[in-house]
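Residues per chain, in single letters:
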Amino acid sequence: MTTYGAIGDVAREAKELLAELGVEASAFSNGELAAHSPITGEAMGRVSVSSAGAVKGAIGAADRAFRSWRKVPAPRRGELVRLFGEELRAAKSLLGRLVTLEAGKIASEGLGEVQEMIDICDFAVGVSRQLHGLTIATERPGHRMMETWHPLGVVGVISSFNFPVAVWAWNATLALICGDALLWKPSEKTPLTALATQALLMRAAARFGDAPEGLSSVLLGGSEVGAHLVDDERVRLVSATGSTAMGRAVAPRLAQRFARAILELGGNNAAIVCPSAPLDLATRAIAFAAMGTAGQRCTTLRRLIVHEDVYEALLDRLRSAYASARVGDPRESQTLVGPLIDEAAHAAMRATLKEARASGGAVTGGDRVLADRFPNAYYVTPALAELAEQAPVARRETFAPILFVMKYRDFEHARDMHNSVAHGLASSIFTSDLCEAERFLSSEGSDCGIANVNIGPSGAEIGGAFGGEKDSGGGREAGSDAWKAYMRRATNTINYSKDLPLAQGVRFDL
Ligand code: NAD
């Protein structure tokens, strides 16, 4: 096992990685915004915040790029994404490592994030030959009716810190094959991985040859920079990933100007563990879903609803799993739980655990550790909080590794507890009873956008559409037919007869 030493290592390594990934040193050497590593809390670089004028200029350039890109045949557009996938494959270890340094993910999750980008590239290349509409029967003789799909325009992507590059790739690869131009406002907490990703896309564009200037740009800064994208009428779609509070601020502004929105917001995801559940498998799945990424996934398991007959047996297993999960420097190979993103995340976790105790909850874990080694970083032991009932503290999302555990008696009770929160992103049931599993997946079961059986709620594959209901925003990204959100649909009716019959039998004889 390698142990990393002095503070300063992270910043040095980040600079080396950025250079290898093709980012000019000037892009991260000066500027108002410091990029901190959650591993040590140290600043790894400084970037310039995009001014209102720069955002306007980038939108103008993207709009011009769109006008030529939309004429490029879709399979040819797919070639750019194919080349980008090649660049990502070649740079996987470098970019994955930078994700670890900037977002604090353990090494396999940093690499996994880049693998997800590669997967969506492969998917998008295939879809670039399948942007198909329908031929529809018409009521009029000598007519044909069809649906065609056209590029939409400029697409703005606003992304969160916890998937600093994969979320953008889900959107960007589909938007590019659909003929759109892109502007990306990454989280202000993760600007460096965004610069590196953009550099890889530019390498692909150079090999592609004739991608228009301004087809994809990165705009750095906080919510005020995102707001410029939200309010500019040239940006036809904004895909925004982040907290529900962000979605509430953004959605009405987009609606006001009739722009399209994909909102991928918070989650308060639950799993039900039934009497017939395979308990060892369930324990492993729950441990990964609740503790993985230090509880900082939108799909992190936050509530566990356990049948009273298996409660003690499962909790025994879970307590051992929690005791064995190593918390520490995410660069070290045995670490399973890395740091929280920053001090504010730690304060939110502490406040939630205090409230859980005040609600009569029995809390184990949740302590700050490694403060002597990393005084400016926030490492915590994941917490289990047993509650007699689903108190208000368990009904909201706290972006930290806290798992609320509650008992249930019958399926309806568990289902109602499961659905009685504001969010509706991801869910699971652990059972060997086919009828229970099917009920959970049916119209009277889970109300989430993602519902799983005998796997946890997190770690989705890109082939399916990703997103949730209610306060989780309602958007869908990645696989299935999510590409349709990046295009506009036209219905075409063609008259190849010599007559002019009107629909619905209307007569208008001159
Ligand atoms: P956040 O809401 O603080 O920030 C997300 C992004 O939105 C950032 O780029 C931020 O600058 C921008 N932003 C914030 N307010 C804005 C505004 N008013 N106008 C324009 N832009 C604005 O979220 P975060 O802390 O980075 O990420 C954690 C949250 O994201 C959690 O709630 C998590 O569940 C959610 N999330 C959801 C998904 C999903 O797919 N559903 C995926 C990842 C994270």
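Up top is the structure these notes are about.
Cut-offs used in this document
- Residues numbered from 1 in each chain as written.
- Predicted model: local features only at pLDDT ≥ 70, side-chain atom pairs only at ≥ 80, totals over all residues.
- Heavy atoms only, no water.
- Buried < 20%, exposed > 50% of the residue type's maximum accessible area, 1.4 Å probe, protein only.
- Pairing = 2+ DSSP bridges.
- Helix = DSSP H or I, 4+ residues; strand = E, 2+ residues; numbered from the N terminus.
- Axes fitted to C-alpha atoms, helices over the stretch in contact; angles between N-to-C directions.
- Near = heavy atom within 4 Å.
- Polar contact = N/O pair within 3.5 Å; in protein donor to acceptor, adjacent residues only side chain to side chain.
- Nonpolar A, V, L, I, M, F, W, Y, C, P; charged D, E, K, R; others polar.
- Contact = heavy atoms within 4.5 Å.
- Core = buried A, V, L, I, M, F, W, Y, C linked by side-chain atoms within 4.5 Å.
- Salt bridge = Lys/Arg side-chain N within 4 Å of Asp/Glu carboxyl O.
- Patch = residues over 30% accessible without salt bridge, like charges linked within 9 Å, V, L, I, M, F, W, Y side chains within 5 Å.
- Areas by Shrake-Rupley, 256 points an atom, 1.4 Å probe, with all protein chains shown as cover.
- Phe/Tyr/Trp six-rings, centres within 6.5 Å; stacked < 30°, edge-to-face > 60°.

Asks: Got a minute to help me understand unusual backbone geometry in this structure?
Replies: Peptide bonds are, in most cases, trans, and in most cases residues other than glycine have a negative phi. The phi dihedral of L370 falls on the positive side, at around 65 degrees, and the residue is not glycine. Under the relative-accessibility criterion, L370 is labelled partly exposed at 25%.

Asks: Whenever I open this one, the sheet that holds strand 6 (residues 181–185) confuses me. Can you help?
Replies: Pairing between the strands of a sheet is mediated by backbone hydrogen bonds and can be parallel or antiparallel. If you trace the five strands from one edge of the open sheet to the other, you get 7-6-5-8-9, paired in parallel fashion. The open sheet has two free edges, formed respectively by strand 7 (216–218) and strand 9 (260–264), since each of these has just one partner strand. Averaged over all adjacent pairs, the angle separating strand axes in this sheet is 15 degrees, with direction ignored. Bridge count between strand 8 (residues 235–241) and strand 9: five bridges; the pairing is parallel.

Asks: Even after reading the chapter, I still don't get the site of the ligand, so can you show me in this structure?
Replies: Taken together, 28 residues are adjacent to the ligand, and K185, E188, S243, L265 and E397 come closest. At a separation of 3.1 Å, an oxygen atom of the ligand approaches a polar backbone atom of F161. The contact in question runs from a nitrogen atom of the ligand to an N or O atom on the backbone of L265, over 2.7 Å. Breaking the shell around the ligand down by element, the ones donating at least two residues are helix 8 (223–231) and helix 9 (244–256). Of the residues belonging to the shell around the ligand, the class tally is twelve nonpolar, twelve polar and four charged.

Asks: Got a minute to help me understand the sheet that holds strand 12 (residues 362–364) in this structure?
Replies: Taken together, seven strands build an open sheet; the order of strands is 12-15-16-11-10-18-19 and the sheet is mixed. Two strands bound the open sheet, and with one partner strand each, they are strand 12 and strand 19 (450–453). Taken over all neighbouring pairs, the strand axes of this sheet differ in orientation by 20 degrees on average, direction set aside. Here strand 10 (residues 269–273) pairs with strand 11 (residues 301–307) via five bridges, running parallel. Bridging from a neighbouring strand, V273 pairs with V306 of strand 11. Contacts between helix 12 (residues 343–358) and the sheet are confined to strand 12, strand 15 (383–386) and strand 16 (402–408), with strand 16 contributing the most and set at about 25 degrees to the helix. Each of strand 10, strand 18 (426–430) and strand 19 is contacted by helix 14 (residues 434–441), which is oriented at about 175 degrees to strand 19, the strand it contacts most.

Asks: Just checking my understanding: could you explain the nonpolar core for this structure?
Replies: Generally speaking, a soluble globular protein has its nonpolar side chains buried in company with each other. In this structure, L88, W168, V273, I286, L304 and L403 are the most contacted members of the largest nonpolar core, which totals 134 residues. Not counting residues within four places of it along the chain, the set of residues in contact with V273 comprises L279, I286, L304, I305, V306, H307, V310, L314, Y408 and F430. One finds A270, C274, A345 and Y378 within the second-largest nonpolar core, a separate group that totals 30 residues.

Asks: Help me understand the pairing of strand 1 (residues 33–36) in this model?
Replies: Consecutive side chains of a regular strand alternate in pointing toward one face of the sheet and then the other. Examined bridge by bridge, strand 1 and strand 2 (residues 43–47) share four bridges and lie antiparallel to one another. Paired with A34 across the two strands is R46, which belongs to strand 2. Turn length for the strand 1-strand 2 hairpin, with the two strands adjacent in sequence and antiparallel, is six residues, and the turn residue G41 shows positive phi of about 85 degrees.

Asks: Would you mind going over the pattern of salt bridges with me for this structure?
Replies: Side chains bearing opposite charge may pair, as long as their charged atoms lie close to each other. Scanning the model with the defined rule gives 35 salt bridges in all. Here R409 makes a salt bridge to E308, at a shortest N to O gap of 3.6 Å. Highlighted residues: R409 in the loop between strand 16 and helix 13 (411–419) and E308 in the loop between strand 11 and helix 11 (311–324), separated in sequence by 101 residues. Residue class for R409 comes out exposed when judged on its relative accessible area of 57%.

Asks: Looking at this structure, how should I read a nonpolar patch on the surface?
Replies: A grouping of L500, L502, V506, F508 and L510 is seen on the molecular surface, where their side chains present a nonpolar patch of about 640 Å² in accessible area. Accessibility expressed as a relative area gives 66% for F508, which makes it exposed.

Asks: Can you walk me through the packing of aromatic side chains in this structure?
Replies: Here a ring pair, both rings aromatic, is described through the centre-centre distance and the interplanar angle of the planes. Applying the stated criterion across every chain, the model contains seven aromatic pairs. When the centroid spacing of 4.7 Å and the interplanar angle of 15 degrees are considered together, the rings of W168 and W184 count as stacked. Here W168 is found in helix 6 (residues 166–177), whereas its partner W184 is found in strand 6, with 16 residues between them in sequence. Site record: aromatic cluster; members linked through ring pairs are F84, W168 and W184.

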